[in-house]
Amino acid sequence: MDLLTKKDLAKKLRISISSLNRLRNKYKDFPKGMSFGEAWAGSKIFFDEDEIDSWLLANKDKFRSNAITTF
């Protein structure tokens with residue numbers, strides 16, 4: 001299992017961290033992050049890369065239809 005920070009995940013998706021946060025809020029089935037410390041202590045959030053990849057595959061048609069193509 002490979003873990004990604006929010007920064008790593010945003011980079012993988014080629015979006016900003018703000019856009020990642022909006023994506024997480026918009027899609028309630030987006031894979032949940034995990035933390036190994038207390039939130040009040042400023043611990044980092046990590047995402048399981050396999051869960052992210054599975055979610056992207058399951059939703060690829062939705063995102064493909066959102067894309068605007070102009071030629």
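Note: the structure precedes this text.
Our subject in this report is the structure included herewith. Counting restarts for each chain: residues are numbered from 1 in the order of the written sequence. Totals for whole chains, interfaces and linings use every residue, but because this is a predicted model, local features are given only for residues with pLDDT of at least 70 and side-chain atom pairs only at 80 or more, for both listing and counting. Side-chain numbers here rest on the full set of heavy atoms in the structure, without hydrogens or water.

1. So, the pattern of salt bridges
Oppositely charged side chains may form a pair once their charged atoms are brought near each other.
And then number 1: Note on definitions: salt bridges are taken to be side-chain nitrogens of Lys or Arg within 4 Å of carboxyl oxygens of Asp or Glu. Going through the model one piece at a time under the given rule, you end up with 3 salt bridges.
And then number 2: As a salt-bridge pair, Lys12 and Asp53 come within 3.1 Å of each other at their nearest N and O atoms. Of this pair, Lys12 sits in helix H1 (residues 6-13) while Asp53 is found in helix H3 (residues 49-58), placing the two residues 41 residues apart along the sequence.
And then number 3: For Lys12, a relative accessible area of 34% corresponds to the partly exposed category.
And then number 4: Taking the shortest distance from any N to any O, the salt bridge between Arg64 and Asp61 comes out at 3.9 Å. Numbering goes from the N terminus for both helices and strands, where a helix is a DSSP run of H or I of at least four residues and a strand is a run of E of at least two. The buried label goes to any residue with under 20% of its type's maximum accessible area, the exposed label to any with over 50%, and the partly exposed label to all in between, with areas taken from a 1.4 Å probe on protein chains only.

2. What to know about the side chain of Glu49
And then number 1: Inspection of the secondary structure assignment puts Glu49 in helix H3.
And then number 2: By the criterion applied in these results, polar contacts are pairs of N or O atoms within 3.5 Å in which, for protein atoms, one can donate a hydrogen and the other can accept it, and in which residues neighboring in sequence qualify only through two side-chain atoms. Here the side chain of Glu49 touches Lys12 through a polar contact of 2.9 Å, side chain to side chain.
And then number 3: When neighbours within four sequence positions are excluded, Glu49 is seen to be in contact with Asp2, Leu4 and Lys12. Note on contacts: a residue pair is in contact if any heavy atoms of the two residues lie within 4.5 Å.

3. Remarks on the packing of aromatic side chains
And then number 1: Each pair of aromatic rings taken from Phe, Tyr and Trp, with Trp reduced to its six-membered ring, is defined by centres within 6.5 Å and is described as stacked if the planes are under 30 degrees apart, edge-to-face if over 60, and tilted in the remaining cases. One pass over the structure, following the stated rule, counts 6 aromatic pairs.
And then number 2: Ring geometry for Phe30 and Phe47: centres 6.3 Å apart, planes at 75°, overall edge-to-face. Taken together, the residues span a long stretch of sequence, with Phe30 in the loop between helix H2 (17-26) and strand E2 (46-48) and Phe47 in strand E2 at a distance of 17 residues.
And then number 3: For Phe30, a relative accessible area of 4% gives the class buried.
And then number 4: Among the residues examined, Phe47 registers a relative accessible area of 0% and is labelled buried.
And then number 5: Taken together, a centroid distance of 5.7 Å and an interplanar angle of 45° make the contact between Phe36 and Phe46 tilted. Placement of the pair is Phe36 in the loop between H2 and E2 and Phe46 in strand E2, with a sequence separation of 10 residues.
And then number 6: Under the relative-accessibility criterion, Phe36 is labelled exposed at 63%.

4. Here's the deal with the environment of Lys12
And then number 1: Spatially, the C-alpha atoms of Lys12 and Glu49 are 9.8 Å apart, while their sequence positions differ by 37 residues.
And then number 2: Lys12 has contacts with Leu4, Glu49 and Asp53, leaving out every residue within four places of it along the chain.

In short, geometric facts, not functional conclusions.
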